[in-house]
Amino acid sequence: MSVYTQGVIALMGVNILMALSVYAIVMADQVSLGNAGFMAIGAYTSAYLSVKLGMPIFPALLIGALAASFIGLLIGIPLLRLEGLYFVMGTFGFGEVVRTFFMIFEPTGGAYGFRGPVGATMPMIYGWVLVLIILFWLLSRSRLGRSLDALRDDAEVASSIGLNVTLLKLGVFWLGSFTAGIAGGLYAHYMFYIESGNFHILVSAMAILCVILGGMYTFWGALLGGVIFSILPEVLRFMGGWRLSVYGSVLVLMMIFRPSGIISRHMVRNAGEWVGGIFRKASS
Amino acid sequence: MFLQQLVNGLTLGSTYSLLALGFTLVLGLLKMLNIAHGDVFMFGAFLGLSFAMLGMPLYLALILAMVGAGIVTIIIERLCFRPLRKAHFLMPLLSTIAFGIVLQNVATQIWGSEPSRYPQTTEIAQFQLGPVLVSSIDIIILATSILLMVGIDQFVKRTSFGRAMRATSEKPQTASLLGVNINWVIVFTFFVSGALAGVAGVLTALVYLQITPFIGIRQGLIGMVAMVIGGVGNLRGAMIGGLMIGIIEIMNDAYFTAGYRDIILFGLFLAFIVFKPEGLFGTKEQ
């Protein structure tokens, strides 16, 4: 496998994690446009720990993600009172505050960026992807997952049957910011160099696009979206300078023709029954 | 010194006001955000540059850039808003982010990604007004912005078409039943919104003289900040919000560290969203 292909596949893993981080918050019917901010906190914290303090990569990643999710809790408490467009704008504002903060924060290089974190490999990235997918899968099958489904379908009914809506929302916000923190740490240790521009609002927006166009109602959608949107720009390389125009146009067209995403809830259920049917036939 | 900075702040702020006004017109009407607004601003600046390069006088280049940016925004309405009018509010938001990428790329292909220099078409004269030094560019910017702002404010308040706009923004279905052609109102509003961004683009380029395809990103974000501070959907609020941001930015650069400019503005934005989402002049709706 060439270095180029390896790079694309490794970053695909990071994109999948970012899409999952958006999906976590979507589970509570909120869309965050600030996940690049959590990614940045995870990236800078873990990079600082491993470069300046010589910490091994695993604890550095974990502490980075915990820092991101702690900030996520702090910011989530006021933000989760907001709804719809205001929540989107609030998370967007948060993301920009974090990005501009790291642009001027001298201990992590400020505008010059931060050099030095090493050690993330492709298997390590996909190890994390696997762990989180299993986590999301378990969550979707658990009682907690059903509560989240109820919350998403109708928050008022959910709270009237005794679900603690605020706590559920805060919980998934924690999970989302943790996942984004892991993505950021892995990104930093794979790229060897980070700067505040890596955590631009477009990164958050792309993660949302992955979730929406992959399918909003199942984490498989986030997975598929992460794969498609990592490969699409590479496939379009033959377009030369007009590549991004074609890419943007494809996105606009997808939004027009498939606004409900590629994978729907029904498809997952049907696929499950289909696979189950094969096993039943095989055993009988 | 302070008065001088105040004038500079007002000049810069008036371009932000034009951007915020365009944002708030669309958001007030459809309850949806047009993220490509900043890129329309950039496109307007480049159109103005091209017309000025052809040797046109400033006012003509300004008007043509306005029309061009307005047409671009009509295309945005057609592709990113009209097919998605009944969809989740996020769909048009993301669709316009994608359209913004297209606009940046097209501008890069046409004008290059290196900073383009704006030609000096008009002689710059400096006037000393007491302690304040005002250039003719400042006067052009302030006069154009104030003219447009007052014009739009009065248009929306007093004309029957303005009434149709307000009706559509309040209850589209009722307005439609009462004989308002909603599609026409929406297209017109988008055109005005884009035209304002285009003017702001040319005016800003006159001050900074250099433009790149990526200047729209920050300007769009700042326009959104100004809109929220003034109160979403409130035209006069957007104007005042823009002026405030311009003054804060210039004062920060003059008396504090320039590097802290954006974190202060975005921090202010976040504080408003969390503690006062209706803005300074908005009404409590949501």
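For the structure, check the block above.
Keep in mind that what you see is a predicted model, and the values were worked out from it rather than measured.

A. Spotlight on a nonpolar patch on the surface. Taken together, the side chains of Y59, L60, I63, L64, V67, I71, I75 and L79 of chain B present a nonpolar region at the surface, about 650 Å² in accessible area. Position of I71 of chain B relative to the elements: it lies in helix α3 (residues 58–81).

B. Here's a closer look at a positive patch on the surface. A surface patch of positive charge is lined by K157, R158, R163 and R166 of chain B. Those elements that place two or more of their residues in the positive patch are α5 (136–158) and α6 (160–170) of chain B.

C. Fine view of the packing of aromatic side chains. Residue and element names in this part refer to chain A. Using the criterion set out here, one finds 23 aromatic pairs over all chains in the structure. An angle of 20° between the planes, with centres 5.9 Å apart, marks the rings of F58 and W128 as stacked. Of the two residues, F58 is situated in helix α3 (residues 57–79) and W128 in helix α5 (residues 122–141); the sequence distance between them amounts to 70 residues. Three or more aromatic residues joined by ring pairs make a cluster, and in this case those are Y44, F101, F102, F105, Y187 and F199.

D. Spotlight on the pattern of salt bridges. All names here are of chain B. Throughout the structure, instances matching the rule amount to 10 salt bridges over all chains. Salt-bridge contacts for R218 lead to D262; the nearest nitrogen and oxygen are separated by 2.9 Å. Here R218 is found in helix α9 (residues 215–230), whereas its partner D262 is found in helix α11 (residues 261–275), with 44 residues between them in sequence. Its relative accessible area of 13% is what places D262 among the buried residues. A salt bridge links E249 to R261; its shortest N-O distance comes to 3.6 Å. With a gap of 12 residues between them, E249 in helix α10 (residues 235–255) and R261 in helix α11 connect regions that are remote in the sequence.

E. View of the nonpolar core. Counting residues in hydrophobic clusters, the biggest one holds 184 residues, and the most contacted among them are L33 and L93 of chain B. Counting residues per element, this core draws most heavily on helix α8 (residues 165–191) of chain A, at 14 residues. Discounting residues that sit within four places of it in the chain, L93 of chain B has contacts with L33, L85 and V88 of chain A together with L33 and I35 of chain B.

F. Local environment of the interface of chain B and chain A. Facing 39 residues of chain B, the contacting portion of chain A comprises 40 residues. Of the roughly 3,600 Å² buried between chain B and chain A, counting both surfaces, carbon and sulfur atoms make up 83%. Taken together, chain B and chain A are joined by zero salt bridges. Scanning the region where chain B abuts chain A turns up four residue pairs in polar contact (both at pLDDT 80 or more). At the level of elements, α3, α4 (90–111), α9 and α11 of chain B are the ones that each hand at least two residues to the side of chain B that touches chain A. Looking at the side of chain B that touches chain A, the element that brings in the most residues is α4 of chain B, giving 13 residues. Classifying every residue of the side of chain B that touches chain A gives 31 nonpolar, six polar and two charged.

Cut-offs and rules
- Residues numbered from 1 in each chain as written.
- Chains lettered and ligands numbered in written order.
- Predicted model: local features only at pLDDT ≥ 70, side-chain atom pairs only at ≥ 80, totals over all residues.
- Heavy atoms only, no water.
- Patch = residues over 30% accessible without salt bridge, like charges linked within 9 Å, V, L, I, M, F, W, Y side chains within 5 Å.
- Areas by Shrake-Rupley, 256 points an atom, 1.4 Å probe, with all protein chains shown as cover.
- Salt bridge = Lys/Arg side-chain N within 4 Å of Asp/Glu carboxyl O.
- Helix = DSSP H or I, 4+ residues; strand = E, 2+ residues; numbered from the N terminus.
- Lys, Arg positive; Asp, Glu negative; His and termini not counted.
- Charge placed at Lys NZ, Arg CZ, Asp CG, Glu CD.
- Phe/Tyr/Trp six-rings, centres within 6.5 Å; stacked < 30°, edge-to-face > 60°.
- Buried < 20%, exposed > 50% of the residue type's maximum accessible area, 1.4 Å probe, protein only.
- Core = buried A, V, L, I, M, F, W, Y, C linked by side-chain atoms within 4.5 Å.
- Contact = heavy atoms within 4.5 Å.
- Buried area = accessible area lost by both parts, 1.4 Å probe.
- Polar contact = N/O pair within 3.5 Å; in protein donor to acceptor, adjacent residues only side chain to side chain.
- Nonpolar A, V, L, I, M, F, W, Y, C, P; charged D, E, K, R; others polar.

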